[in-house]
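In case you want the letters, here they are:
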Amino acid sequence: MSTLSASLKQSRVFAAEFDSLFPAHPFDKANILLYIAGCHKLVLDAARHFYPHRHLQFVNPVFVIDGAIYPPTELHGDPGIVKLAAANLQLIQQKVVLPISASLTANGLRGVCLALTEGSLPEYTDHLVFDLTLLHTGATPLQKQATGGQIVDVMTRLEIKADGLPPQFAELAGKLGVIFEADKEKLAKTLVLYKFFFEATGLPAFITYVNRMHTQRTFFDSLFTLVSDAPFTEAELNDFATVVDDMSQPLEDYYRKSGDRQNNDKKAAMIQRELLNSLRGVTATGATNSPQQKRGK
């Protein structure tokens, strides 16, 4: 039986996307994110073909480098979900919410599925599951047509106390390695943001974070965020994890080869340091910029 990962590997789409950029262009943050953006559309289109009954609306591949989130330069999928993703990134940069992606990569976890649905929850062995309907926050303060700015404003003003949330939340926070009260409240805001948005739009929602198959830390820590109307099976999520690995592999290979040249080539060493600094949001002069500012958005 063919799988999404096998199909993409056989067609060599990631290698072709990579070869279209490198080595003709600098191996820096801007071009790395261009590569991820190109892969993004390929994965979304192929996944919709392989899993039509899941009604996949959005796939967001992200880098997590030293806890900082670097999404691709362009997002594809349902416009409402893209708007939510952009607002979520702004809230992450403002430290209003806590990025689940960073917790998954830092702790080597397989993934987590957040569900807001009338139906039963998926049963997984290796992935965490949390029911967003457990978060009783009163009336939904978002409107269906809320702008990104309105979403950010509502979540910035929202006050949540983690000790008032159900025990399932404390269990999830513990498994994600979130131990400080301030961070728990930011994690709670992340979950409430999804609940508010999907309640306002009236859509059933499964927001699933899928870490790469080999979850040990690397320079190019990366994962997918999936938004679908129906849950994926764990085998399907593991297939997506293989896709994350395959998408990252050309970057890993190129990075290692560049690293080997550093020993005898001062110029290559300088380029490698600049790559590290660029992905960490630090310019050559030491000034710090946000990932959003450096993308010019």
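One structure accompanies this document, and this report is about it. (Residues numbered from 1 in each chain as written. Predicted model: local features only at pLDDT ≥ 70, side-chain atom pairs only at ≥ 80, totals over all residues. Heavy atoms only, no water.)

To continue, consider helix H1 (residues 4-11). Among all positions of H1, only Leu4, Ser5 and Leu8 are buried. Down the axis of H1, the smallest arc covering the buried residues is 95°, so these residues share one side. Immediately beyond the C-terminal end of H1, within one or two residues, lies Arg12, with a positive phi of roughly 55°. (Buried < 20%, exposed > 50% of the residue type's maximum accessible area, 1.4 Å probe, protein only. Helix = DSSP H or I, 4+ residues; strand = E, 2+ residues; numbered from the N terminus. Arc of directions from axis to C-beta.)

As for its position among the elements, Ser103 is in helix H5 (residues 100-107). Note on Ser103: relative accessible area 11%, which makes it buried. Residues within four places of Ser103 in sequence aside, it is in contact with Leu98, Leu176 and Val178. (Contact = heavy atoms within 4.5 Å.)

Tallied over the entire structure, the rule returns one cavity of 30 Å³ or more. In this structure, the largest cavity spans a volume of roughly 30 Å³. If you trace the largest cavity, you find it lined by Thr105, Asn211, Arg212, Thr215, Gln216, Asp221 and Ser222. Partitioning the lining of the largest cavity into residue classes produces no nonpolar, five polar and two charged. (1 Å grid on protein atoms, 1.4 Å probe; cavity = no way out; pocket = protein on both sides within 12 Å on 5 of 7 lines; lining within 4 Å. Points joined across faces, edges and corners; volume = space filled by probe spheres on them. Nonpolar A, V, L, I, M, F, W, Y, C, P; charged D, E, K, R; others polar.)

What follows concerns the side chain of Gln57. When you line up the elements, Gln57 lands in strand E1 (residues 56-65). Take Gln57: its relative accessible area is 10%, and that puts it in the buried class. What Gln57 contacts, discounting residues up to four positions off in sequence, is Arg48, Gly77, Asp78, Ile81, Leu203, Val227, Ser228 and Asp229.

Now for the packing of helix H7 (residues 167-175) against helix H8 (residues 181-201). Two elements in contact, H7 and H8, have axes separated by 11 Å at closest approach and are oriented at 110°. With respect to H8, the axis of H7 lies roughly perpendicular. In this structure, the crossing between H7 and H8 has a hand that is right-handed. Two secondary-structure elements touch here, H7 through Phe169, Leu172 and Ala173 and H8 through Lys184, Leu187, Ala188 and Leu191. In terms of residue class, the contact of H7 with H8 is built from six nonpolar, no polar and one charged. (Axes fitted to C-alpha atoms, helices over the stretch in contact; angles between N-to-C directions. Parallel < 35°, antiparallel > 145°, perpendicular 65-115°, else oblique. Left-handed = near helix turned anticlockwise from the far one by under 90°.)

Here the residue pair Phe22 and Pro23 is connected by a cis peptide bond, since its omega of 5° sits within 30 degrees of zero. For Pro23, the location among the structural elements is in the loop between helix H2 (13-19) and helix H3 (29-50). At Arg12, a position not held by glycine, the phi torsion is positive, near 55°. Residue placement: Arg12 occurs in the loop between H1 and H2. Backbone geometry places His55, a non-glycine residue, at a positive phi of 50°. With respect to the helices, strands and loops of the structure, His55 is situated in the loop between H3 and E1. Exposure remark for His55: the relative accessible area of 46% places this residue in the partly exposed category.

Glancing now at the pairing of strand E6 (residues 222-228). Where burial is concerned, most of E6 is hidden: seven out of the seven residues are buried. Burial of the side chains of E6 extends over both faces: Ser222, Phe224, Leu226 and Ser228 are buried on one face and Leu223, Thr225 and Val227 on the other. Where E1 and E6 come together, seven bridges link them in antiparallel fashion. Directly across from Phe63, in E6, lies its bridge partner Ser222. Pairing of strand E5 (residues 205-211) with E6, which is carried by six bridges, proceeds in the antiparallel orientation. Bridge pairing links Phe206 to Ser228 in E6. (Pairing = 2+ DSSP bridges.)

Scanning all chains against the criterion turns up 15 aromatic pairs. Relative to Tyr51, the ring of Phe50 has its centre 6.5 Å away and its plane inclined at 55°; by these criteria the two rings are tilted. The class of Phe50 is partly exposed, set by a relative accessible area of 26%. Classification of Tyr51 by relative accessible area gives buried; the value is 10%. Seen from their ring centres, Tyr51 and Phe240 are 5.6 Å apart, and the 40° between their planes marks the pair as tilted. Placement of Tyr51 in the loop between H3 and E1 and of Phe240 in helix H9 (residues 234-261) is noted, with a sequence separation of 189 residues between them. When sorted by exposure, Tyr51 lands in the same class as Phe240, which is buried. (Phe/Tyr/Trp six-rings, centres within 6.5 Å; stacked < 30°, edge-to-face > 60°.)

Below, the discussion takes up H7. Residues Phe169, Leu172 and Ala173 constitute the buried set of H7. Taken down its axis, H7 places every buried residue within 100° of arc, on the same side. On the buried face of H7, the contacting elements are strand E3 (111-116), strand E4 (128-131) and H8. Just downstream of H7 lies Gly177, where phi reads positive at about 75°.

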